[in-house]
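# Coordinate inspection notes
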Amino acid sequence: MAATCSATVVLPAPTGQTGTVFAMSAQTKGRLLVATPPLSDPNFDRAVVYVLEHHEDGAIGLILNRPTDEALSEPLDRWIDLQTAPSSVFAGGPVDTNAMIGIATTKLLLDESTELLTPIAGLVASADLSADPAIVAAHVESVRVFRGYAGWGAGQLEAEIGEGAWLVLDSEVGDVFSERPDELWYDVLRRQPGRLSWLALAPDDLSLN
């Protein structure tokens, strides 16, 4: 089945949003969810997820540290020259694996969405993969393409964070476009202050620690 080109995956607009949920949204969008070891779901074991959106209807994000051997094929192979190394398709998550999602680092901060780019946080934006990459190239430094995404229903991510399954940490542009994604989980934890950095050394079986 042919993959679907997608600029981004958009959740329905929130309605009747409460102050508590709004606070959680403000804390997670554009930040990292770092899985705490061990997670029983292999999709998320030592995963680093970049949150694209989070409100009362749920949350979506992209797993940043799952590069695959898949190369871009027609018609998306036009984007190859803009891909940052490693220039393969990343497994963004187990939801809707026919969807292809482009994330870009922009040359300038975007105040609002354009026909080509939708800002997420800072210099990170989603890119419309159906657009002409030659036009997008004037506005971006690099692009990474993900197949599928991670998704949570209403209140699900909040519950998982409350249970300690995820650490919510600040992101850097270099995380989304890391040239060594296999080391990203360790790299993000190692730069944290104090005892939090010790988690980078945690064994798969915490009883051995």
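Okay, so let's go over this structure.

Thresholds applied
Residue numbers restart at each chain and count upward from 1, following the sequence in its written direction. Local features in a predicted model are, by the rule used here, given only for residues with pLDDT of at least 70; side-chain atom pairs are given and counted only at 80 or more, and totals for whole chains, interfaces and linings are based on all residues. The side-chain numbers reported here are obtained from all heavy atoms of the structure, hydrogens and water having been left aside. Helix numbers and strand numbers start at the N terminus; a helix is a DSSP run of H or I with at least 4 residues, a strand a run of E with at least 2. Residues count as neighbours in contact if any of their non-hydrogen atoms are within 4.5 Å of one another. Each residue is placed in one exposure class: buried if its accessible area under a 1.4 Å probe, protein chains only, is under 20% of its type's maximum, exposed if it is over 50%, and partly exposed if it falls in between. Pairing between two strands is assigned when DSSP locates at least 2 bridges connecting them. By convention, a stacked pair of Phe, Tyr or Trp rings (six-membered ring in the case of Trp) has centres within 6.5 Å and planes under 30 degrees apart, an edge-to-face pair has planes over 60 apart, and any other such pair is tilted. Here, a salt bridge means any Lys or Arg side-chain nitrogen found within 4 Å of an Asp or Glu carboxyl oxygen. Throughout, nonpolar core names a set of buried Ala, Val, Leu, Ile, Met, Phe, Trp, Tyr and Cys residues whose side chains join them through atoms within 4.5 Å.

Assignment of secondary structure puts Leu189 in helix α5 (residues 184-190). C-alpha separation for the pair Leu189 and Val34, spaced 155 residues apart in sequence, amounts to 8.3 Å. Excluding residues that lie within four positions of it along the chain, Leu189 makes contacts with Val34, Leu167, Leu169, Leu196, Ser197, Leu199 and Ala200.

A cis amide bond links Glu74 with the next residue in sequence, Pro75, at an omega value of 0°. Looking at the secondary structure, you find Pro75 in the loop between β4 (58-63) and β5 (90-91). Omega for the peptide link from Ala85 to Pro86 comes to -5°, which places this bond in the cis form. Unusually for a residue other than glycine, Arg46 sits at a positive phi of about 55°. Note that Arg46 resides in the loop between β2 (32-35) and β3 (48-55). Non-glycine residue Asp96 carries a positive phi angle of around 50°. Note on placement: Asp96 falls in strand β6 (residues 95-106).

Of the two faces of strand β8 (residues 124-127), the one carrying Val124 and Ser126 and the one carrying Ala125 and Ala127 are both buried. Pairing of β6 with β8 involves four bridges; the strand directions are antiparallel. Following the sheet pairing, Thr105 is matched in β8 by Val124. As judged from the four bridges shared by strand β7 (residues 117-121) and β8, these two strands associate in the antiparallel manner. Residue pairing for β8: Ala121 is matched across the bridge by Val124. Linking two consecutive strands that pair antiparallel, namely β7 and β8, is a turn of two residues; a positive phi of about 60° is found at Gly122 within it.

Taken as a whole, this structure holds five aromatic pairs when the rule is applied. Ring geometry for Phe44 against Trp166: centres 5.7 Å apart, planes inclined by 80°, an arrangement best described as edge-to-face. Placement of Phe44 in the loop between β2 and β3 and of Trp166 in strand β10 (residues 166-169) is noted, with a sequence separation of 122 residues between them. As far as burial versus exposure is concerned, Phe44 and Trp166 are alike and both buried. Each residue in the set Phe44, Trp152 and Trp166 is aromatic and connected to the rest through ring pairs, giving one cluster.

Once that is clear, we can look at the pattern of salt bridges. In total, this model carries seven salt bridges according to the counting rule given. Between Asp170 and Arg31 there is a salt bridge, with its nearest N and O atoms 2.9 Å apart. In this pair, Asp170 sits in the loop between β10 and α4 (173-176) while Arg31 sits in the loop between α1 (19-28) and β2, placing the two residues 139 residues apart along the sequence. Residue Asp170 is classed as exposed on the basis of its relative accessible area of 52%. When the shortest N-O distance is used, the salt bridge between Asp187 and Arg190 registers 2.8 Å. Taken together, the residues Asp187 and Arg190, both in helix α5 and three residues apart, mark about one turn of the helix.

Here we take up the nonpolar core. Counting 24 residues, the largest nonpolar core has Val34, Tyr50, Leu64 and Ile103 as the members making the most contacts within it. Elements supplying a minimum of two residues to this core: β2, β3, β4, β6, β9 (140-152), β10 and α5. In terms of residues, this core owes the most to one element, α5, which gives four residues. If near-sequence neighbours (up to four positions away) are discounted, Leu64 is found in contact with Leu32, Val48, Tyr50, Phe90, Phe146, Asp175, Val176, Pro181 and Leu184. Of all hydrophobic cores here, the second largest spans 17 residues; its members include Leu82, Leu117, Ala127 and Val136.

What follows is about the environment of Tyr50. Among the structural elements, Tyr50 can be located in strand β3. For Tyr50, a relative accessible area of 2% translates into the label buried. Residue contacts for Tyr50: discarding those within four places in its chain leaves Gly30, Arg31, Leu32, Ile60, Gly61, Leu62, Leu64, Ile120, Ala121, Val124, Ser171 and Val176.

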